[in-house]
Amino acid sequence: MSSLFDLADERSETASAAQELRYLQNLNPEQCQAVETTEGPVLVLSGAGTGKTRVLTTRLAYIIDKKLSKPWQCLAVTFTNKAAREMSERLEKIIGPDASSVWLGTFHKLGLRILRSYYHVVGLEKDFVILGEDDQERLLKQLMQSNGIDIKEFAPGALLSVIQRWKDRGLSPAMVTQNEDPGFMYGKSLAFYKMYQKRLKELNAVDFGDLLLLPLEIFKTRPDIAGFYQKQFKYILVDEYQDTNVAQYLLLRLLAMGSGNLCCVGDDDQSIYSWRGAEVENILRFSKDFPTAKIIRLESNYRSTTHILGAASALIANNEGRLGKTLRVAPGRDGGGDLVSVRGYWNGQEEALHVVNTIENLMREGLSLSNIAVLVRAGFQTREFEEALIKAGIPYQVIGDFKFYEREEIKDAVAYLRLVNNTNDDLAFQRIVNKPKRGIGETSVKMLQEYARSFHVSLFDAIENADLKASAQRALTDFKNHVMRWRAGALKEPLKELTKKILEESGYMNMWRTDKSIEAEGRLENLKELQNVMAEEFEDISAFIEHASLAMDSDNNINQELITVMTLHASKGLEFDVVFLPGWEEGLFPHSKALDEKGRQALEEERRLAYVGITRARKKACISFASNRRVYGQWQNALPSRFIDELPSEHIALQSARGLKGNLGYFNSFNQMDDRGTLYSTPSKEESDEEETYSWGRSTGMFLNKSISKSGKRVHHELFGDGTIVRDEGDKVEVCFDYQGRKKVLKKFLEEA
DNA sequence: GGGTTGCCCGTTTTT
DNA sequence: CGGGCAACCC
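Calculation notes
Residues numbered from 1 in each chain as written. Chains lettered and ligands numbered in written order. Predicted model: local features only at pLDDT ≥ 70, side-chain atom pairs only at ≥ 80, totals over all residues. Heavy atoms only, no water. Near = heavy atom within 4 Å. Polar contact = N/O pair within 3.5 Å; in protein donor to acceptor, adjacent residues only side chain to side chain. Helix = DSSP H or I, 4+ residues; strand = E, 2+ residues; numbered from the N terminus. Nonpolar A, V, L, I, M, F, W, Y, C, P; charged D, E, K, R; others polar. Salt bridge = Lys/Arg side-chain N within 4 Å of Asp/Glu carboxyl O. Buried < 20%, exposed > 50% of the residue type's maximum accessible area, 1.4 Å probe, protein only. Phe/Tyr/Trp six-rings, centres within 6.5 Å; stacked < 30°, edge-to-face > 60°.

Undergrad: Go over the protein's contact with DNA strand B with me, naming the residues and quoting the values.
TA: Inspection of the region around DNA strand B gives 31 residues, with R276, R377, G379, K403 and T567 positioned closest. Backbone atoms, meaning sugar and phosphate, form 56% of the atoms of DNA strand B found within 4 Å of the protein. Between DNA strand B and the protein, one listed contact pairs a phosphate oxygen with a backbone N or O atom of N81 at 3.2 Å. At 3.0 Å, a side-chain N or O of N434 approaches a phosphate oxygen of DNA strand B. Secondary-structure elements contributing two or more residues to the surface near DNA strand B are α19 (442-455) and α27 (592-614). Looking at the surface near DNA strand B element by element, the count peaks at three residues for α19. When the residues that make up the surface near DNA strand B are grouped by side-chain class, the tally is nine nonpolar, 13 polar and nine charged.

Undergrad: Summarise the pattern of salt bridges; cite the residues concerned and give the values.
TA: All chains considered together, the criterion is met by 45 salt bridges. The salt bridge involving K572 is made with D243; its shortest N-O contact spans 2.4 Å. In this pair, K572 is assigned in the loop between α26 (568-571) and β15 (576-581) and D243 in the loop between β6 (235-238) and α11 (246-256), connecting sequence segments 329 residues apart. Under the relative-accessibility criterion, D243 is labelled buried at 8%. A salt bridge links E575 to R618; the shortest N-O distance between them is 2.8 Å. Remark: R618 occurs in strand β16 (residues 617-631) and E575 occurs in the loop between α26 and β15; sequence separation between them is 43 residues. Judged by its relative accessible area of 34%, E575 is partly exposed.

Undergrad: An account of the packing of aromatic side chains is requested, with residue identities and associated values reported.
TA: The geometry of an aromatic ring pair comes down to the distance between the two centres and the angle between the two planes. Considering all chains together, one arrives at 22 aromatic pairs under this definition. Here W166 and Y193 contribute two aromatic rings whose centre-to-centre distance is 5.6 Å and whose plane-to-plane angle is 15°, an arrangement assigned as stacked. With a gap of 27 residues between them, W166 in helix α7 (residues 156-168) and Y193 in helix α8 (residues 189-203) connect regions that are remote in the sequence. By relative accessible area, which is 0% here, Y193 ends up buried. Plain terms: the ring middles of Y508 and W512 are 6.3 Å apart, the flat faces sit at 80° to each other, and that makes the pair edge-to-face. Taken together, the residues Y508 and W512, both in helix α23 (residues 508-514) and four residues apart, mark about one turn of the helix. Comparing Y508 with W512, the two get one shared label, buried. Site record: aromatic cluster; members linked through ring pairs are W103, Y118, F219, F228, Y229 and F233.

Now the structure itself:
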């Protein structure tokens, strides 16, 4: 056995000697340094597009190649499954099958792995379940209601986030002191945190926060176990360090205490998840935590043009709390290209329409749709673009719309499997006991719960003896028999068949088949897709359940021939040739909600978000704003974002609005309105520095006119050909013709295209 | 127990 | 404007 391994080692050594040259050759000096500085704590500050993933994978390969440690003594942690998958694939390309024995995965997977080995230390049973957010909320809601809290006054979700923040900070209930209570719900949050944890234990369940907290607890109570892992991991690598929360930081610090070889890669300027518990502080104080730490900056950008980097750098320089880093075009690369364009529009529709027109031009120039993205601040903004894209017949995809495993039908199907796998899974039970309708209502479930609580059995086991109405008793017994039968089959049948059987026999499939709503069909397709996923990758039911509870990602293929529309948050880590950044208005971006809650801190995070957005672009970034926007069915007007004023004039091209005026900002007079929505400052055509002149000087609140809703309509003109209506002006309309450009024409010369 | 109506609320969301 | 949810009624 051992000789076989030795032989394999020798072979891979010779093979890798040649390879090593190859992969180190592709790195610049800073990247090389980041790869070769293997010993001790290292912080790699890697700006956008500086080859972060390459450094991480190469470093791993280097460590293994040089035999500094065995593959299974390396730990590499990421935040997303996608990042982990990517790293794993790239690593395998360099070092081959050895890649699979590296501990490579998300923080939560690492936590789970530890917990699966030592669950008993923290009082869990072997087959503990992992709760999703909806489970957590349902649980809290029940607790609140049974403790006389009016859930109209206090949202369970709000309490959940208070608890979650504590967990993010590594605080178990016993560690929370009263002055850490944010005062939510008359300071009762802590009491509920305690109850919540107690309930989790009763249910033999953990939540995502626990996947980090409980391993910490295990290490604290059992130093021997901590010692084991400390010895195990010779080299630790962390991706996206700026996004770690305190619990993750504590875990890392503890694990690294053995070898001291901790390498964190991150970019403080791209920290955009503080509201989820991430602490930029972790990266900012790295050298305080690890005084011997080496700090390596990766500043050579392989992605964008000089103007894009110049605009982004100047913008982010307005932040105070940063380590400082300047992106520059990587040596030997041509940084030439267009200025970042900044454009103002009358309203959101016009903005979307113009973006789509621009996209059509790009298509005509031969740019592939997969190289174009529209990045928005808030989800509702995608709608306008979707509508405009549909009208133009351009295929698109909205990322993060609904994640596969977050869909109702998928969660239901998984709940069925959870219950079949483990009848003690009360939360799964509650989810599907009456779905489809079986005549088991709230009151029956309440009865079950009561019985289950007093006799310390699961809801499932309570069915037999609980004091139920005859009809409910019958329905539940029937349900129970079904589950028992599925359980019997669970061991023999392949997962796919089993699932199919369960979903059919439970009536779940029929529930959607008889549903005549538009989504029903899609839901059935998703269920089919779920079965396909299972057939390929999982043989065992619990393996699948584990995957389903940890994997929230849906394998988005951005590489298809589609325009991508998504939020700025979702765009982190991606890149596109052309990026549209609409909606840069005060109130929307920076978002007012962020601003008035947390002040400057929040403003800086919004600015980082803007920075992330601009740096997604390889060749061209198009920023825009609209003076008027429909929000919640109501028209609102807004000023251009302060971030626009922060862009250096040498890197931007102002379009369709008057130029710089004094030091009040580029667009200070763009949108001066009185309270009737009337423009009283009206830049003239002459002052506008752009080719397609808009009549900014409308004298009344045109946006209130219903007829504008005709914008986007396709029309045909005898002389000019086909085009799209841009604006309705009574007897005339402004039309953007596909080949003749923008013209005002009389309506009577138009016909529907 | 289950369907319907009316009210409230609305940023971002890696696991 | 529109989704989600709780109270309300059959």
